[in-house]
Each structure stands twice: as C-alpha cells, then as structure tokens.
Amino acid sequence: QVQLLESGGGLVQDGGSLRLSCEASGTRISADRFAWYRQAPGKQRELVAAIIPSGHTNYADSVKGRFNISRHKIKNTTYLQMNSLNPDDTGVYYCNMRIRAVDYWGKGTLVTVSS
C-alpha cells in the first residue's frame, strides 16, 4: 500500500521560512511527478508546485521566487522550501505523487503564518 508522509509544517511569523518533506513508502517505482497542493480555510485546494524527473518545475504565480520544490535523486521523497512566508500562505499542505497516472495523497501538514 502506497503511503505519503508529510512533515515540517508548523507556526511561523510573517517573513519566515519552513521546509516541508514528503516521503513515500510502499512502492519501488519512481514517481512520474511530485507536487505540493495547499488548501486555505474556506478555499479550494490549489497547486503550489510540481516537479518531474527531468527536473522541470512549475509554480503557482503567488509563490514564484519564494518557494522551491525538489526531489531526492533516488528515493521517492520531495521537499518544499518556503521562504518569505506571509499570512496568505496559511493552509494545509498536501503532498501528491503520481505513478503511472495514479495519484496518491498524503494527509497534509498545517502551515500557519502569523502576521
């Protein structure tokens, strides 16, 4: 059974940084894509960042220049470095892994940015 475990969320002040991690277990197949989504209170889940094996990345306009997504070269693990955080970044961050057109999700980690 494939499982994703996120870590690294928490409370941070406006302008601070956090690093999220997501480690997959239950499969030895390398992910076709890793992504981070977030859901703010009262809003729909939105894509924050994604990365594919070639290293190509894409980001939501709201986080460009502040967030950086990366992945471990061997393990099915992805990271999201978040800098210059602001209160609009508050929400539950979900890790997503896609393998052969099947999406797997973590349970989410809460990020709260205080003003």
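Since this is a predicted model, take the numbers as computed values, not measurements.

Once that is clear, we can look at the environment of Y37. On the secondary structure map, Y37 appears in strand β4 (residues 33-39). In sequence terms Y37 and C95 are 58 residues apart; their C-alpha atoms lie 6.5 Å from each other. Excluding residues within four positions of it along the chain, Y37 makes contact with R45, E46, L47, V48, V92, Y93, Y94, N96 and W105. Within the structure, Y37 has its side chain in polar contact with the side chain of R33 (distance 3.2 Å).

Okay, the state of the cysteines next. One pass over the full model with this rule turns up one disulfide. Note that C22 is cross-linked by a disulfide to C95, the S-S spacing being 2.1 Å. Handedness here is read from the sign of the S-S torsion; for C22 and C95, about -80°, the answer is left-handed. Of this pair, C22 sits in strand β3 (residues 18-25) while C95 sits in strand β9 (residues 91-99), placing them 73 residues apart in sequence. Among the residues examined, C95 registers a relative accessible area of 0% and is labelled buried.

Thresholds, definitions, all that
Residues numbered from 1 in each chain as written. Predicted model: local features only at pLDDT ≥ 70, side-chain atom pairs only at ≥ 80, totals over all residues. Heavy atoms only, no water. Helix = DSSP H or I, 4+ residues; strand = E, 2+ residues; numbered from the N terminus. Contact = heavy atoms within 4.5 Å. Polar contact = N/O pair within 3.5 Å; in protein donor to acceptor, adjacent residues only side chain to side chain. Disulfide = S-S within 2.5 Å. Buried < 20%, exposed > 50% of the residue type's maximum accessible area, 1.4 Å probe, protein only.

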